[in-house]
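Fold and geometry: a report
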Amino acid sequence: MAIQGRAEANRSGATIPSRHDRHVVIGGHRIAVSTWGDAAGKGGIPIVFFHDSLGAIDLWRDFPAQLAAHAGHSAMAYDRLGFGRSAPNPGTLGHGFIRDEAGAALLPLMAHLGAEKAILFGHSVGGGMAIAAAAQFPECIAAVITESAQAFVEERTLDGIRAAKKSFADPAQLARLAKYHGNDLKKAQWVLDAWIETWLAPAFAGWSLEEDLRQLQCPVLAMHGDLDEFGSERHPKMIAGLPSAFAGQGEYVMFEGCGHVPHREKPELVLQTVMDFLSRHFPEK
């Protein structure tokens, strides 16, 4: 099912939960985790956030807190290994890194939280990770929400990455990125290379979420901006439209005049869209 159009946000004055930061050791590495809200809310099903290719917890700004406050679910965001306040990644990303994230980090983090099920919210490549996780571990995932996710390697995506590569030739750009990755230029360079070199590698050209999408057994919301420089509307349409094990699986929303980061560009609109989706699938008891 495709749902398109504008949404009107209506903040209710809900109390915004405070953020709690900690580190969890997974596979011998320290992983930074932040949580918001009551873990027992809405049946103990947290919303888990997957950041984008250059991302970190702090780049979500207050969106997880706002969503936790208004949806009644607790929220958790974490920095993947090599990102943000997590430990540096001692290796390089393999071409299966999108699918590997669920077993490497998501399931151990859910176990740490005591969560048997989660709703996954992924931005950009994080959206691909959310879909791949739900395909592999359907018993653990209640729903998937993607924002600006790529479903395959599109030339528009590669053009955007090539343009970003040129802009990061300016040392000031790398320094700005480093602010979100421990103020560590070496770590920021790893983050940048992991994104650019992986996606531009010829061996990665055939990557697609098609098989994962066919295995989904939960509802999916795909949000996308019509001005997204890293992917056309073909991505949310594919995410929402492929037949899967869940009847009536997919919904997609195109935001007008919006680029690659809707939760920053149009936070009220994104919040209301997600709230509408959650209220349909997780109504008040």
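Here goes a summary of the coordinates provided. (Residues numbered from 1 in each chain as written. Predicted model: local features only at pLDDT ≥ 70, side-chain atom pairs only at ≥ 80, totals over all residues. Heavy atoms only, no water.)

Things to note about the overall build of the chain
Using the following cut-off: We count a stretch as a helix when DSSP gives it H or I for four or more residues in a row; a strand needs E for two or more, and each element gets its number in order from the N terminus. In this description the radius of gyration comes from C-alpha coordinates, and the expected globular size is given by 2.2 Å times residues to the power 0.38. Exposure classes here rest on a 1.4 Å probe applied to the protein chains alone. A residue is buried below 20% of its type maximum, exposed above 50%, and partly exposed in between.
Across its full length, the chain holds 10 helices and eight strands. Rg of the C-alpha trace for the chain: 18 Å, near the compact-globule value of 19 Å for 285 residues, within the 12% margin. If one aligns the C-alpha atoms of the chain with their principal axes, the spans along those axes are about 50 × 40 × 35 Å. Per-residue burial for the chain yields a buried fraction of 55% across its 285 residues.

Some details on the packing of helix 1 (residues 63-71) against helix 10 (residues 267-281)
Formally: In this analysis an axis means a line fitted to C-alpha atoms, helices contributing only their contacting stretch, and an angle means the value between N-to-C directions, from 0 to 180 degrees. Comment on the angle field: the value is read as roughly parallel under 35 degrees, roughly antiparallel over 145, roughly perpendicular from 65 to 115, and oblique elsewhere. Definitions for this section: a left-handed crossing has its near helix turned counterclockwise from the far helix by less than a right angle. A right-handed crossing has that turn clockwise. The contact criterion used is simple: two residues touch if any of their non-hydrogen atoms lie within 4.5 Å. Here the term charged refers only to Asp, Glu, Lys and Arg, the term nonpolar to Ala, Val, Leu, Ile, Met, Phe, Trp, Tyr, Cys and Pro, and the term polar to all other amino acids, Gly among them.
Where helix 1 contacts helix 10, the two axes come as close as 11 Å, and the packing angle between them is 40°. Considered as vectors, helix 1 and helix 10 are oriented oblique to each other. Here helix 1 and helix 10 pass one another in a crossing that is right-handed. Of helix 10, the residues touching helix 1 (which contributes Phe63, Gln66, Leu67, His70 and Ala71) are Pro267, Val270, Leu271, Val274, Met275 and Leu278. When grouped by side-chain class, the residues that make up the contact of helix 1 with helix 10 number nine nonpolar, two polar and no charged.

Details of the nonpolar core
The cut-off we apply is this: In this text, buried Ala, Val, Leu, Ile, Met, Phe, Trp, Tyr and Cys residues form a nonpolar core when linked through side-chain atoms within 4.5 Å.
One finds Leu120, Trp195 and Trp199 to be the most contacted residues of the largest nonpolar core, which totals 63 residues. Look past the residues within four positions of Leu120 in its chain and what remains in contact with it is Val48, Phe50, Leu106, Ala130, Ala133, Ala134, Ile141, Ala143, Val144 and Ile145. In this structure, Ala32, Ile45, Ile47 and Leu278 belong to the second largest nonpolar core, which totals 31 residues.

Looking at helix 5 (residues 171-178)
Residue pairs spaced three or four apart in an α-helix point in one direction, given the helix's 3.6 residues per turn. How we decide: Working note: the arc is built from the helix axis to C-beta atom directions. The term polar contact refers here to a pair of N or O atoms within 3.5 Å; inside protein, the definition further demands a hydrogen-donor-capable atom paired with an acceptor-capable atom, and it admits residues adjacent in sequence only when both atoms are side-chain atoms.
When helix 5 is considered as a whole, its buried residues turn out to be Leu174, Leu177 and Ala178. The buried side chains of helix 5 occupy one side of the element, clustering within an arc of 100° when seen end-on. A distance of 3.0 Å separates the backbone nitrogen of Ala172 from a side-chain oxygen at the start of helix 5, and that oxygen is part of Asp170.

As for the pairing of strand 8 (residues 250-255)
Our working definition: When DSSP finds two or more bridges between two strands, those strands count as paired.
Extensive coverage of strand 8 is indicated by the burial of six of its six residues. Side-chain alternation along strand 8 places Gly250, Tyr252 and Met254 on one buried face and Glu251, Val253 and Phe255 on a second face that is also buried. Direction of pairing for strand 7 (residues 220-225) relative to strand 8: parallel, over a ladder of six bridges. Note that in strand 8 the partner of His224 across the bridge is Met254.

Comments concerning helix 1
Across the nine residues that make up helix 1, a large majority, nine, are buried. Where helix 1 is concerned, the buried positions are Phe63, Pro64, Ala65, Gln66, Leu67, Ala68, Ala69, His70 and Ala71. On its buried face, helix 1 sits against strand 2 (29-36), strand 3 (47-50), strand 4 (75-78), strand 5 (118-123), helix 9 (262-265) and helix 10. Of the residues flanking the end of helix 1, it is Gly72, one or two places downstream, whose phi is positive at about 85°.

Considerations on the sheet that holds strand 6 (residues 141-147)
The strand order across the open sheet formed by eight strands is 1-2-4-3-5-6-7-8, and the pairing between neighbours is mixed. The sheet is open, and its two borders are formed by strand 1 (19-26) and strand 8, each paired with just one other strand. Across the sheet, the mean angle from the axis of one strand to that of its neighbour is 20°, orientation sign disregarded. Inspection of the sheet shows strand 1 paired to strand 2 by eight bridges, in the antiparallel sense. Within the sheet, the bridge partner assigned to His20 lies in strand 2 and is Thr35. With respect to the sheet, helix 2 (residues 97-113) is in contact with strand 1, strand 2, strand 3, strand 4, strand 5 and strand 6, its orientation differing from that of strand 1 by roughly 120°.

Some words on the environment of Ile119
You can see Ile119 is positioned in strand 5. When the C-alpha positions of Ile119 and Phe255 are compared, they lie 22 Å apart, and in sequence the two are 136 residues distant. Setting aside anything within four residues of it in sequence, one finds Ile119 in contact with Ile45, Pro46, Ile47, Val48, His73, Ala142, Ala143, Ile145, Leu278 and Phe282.

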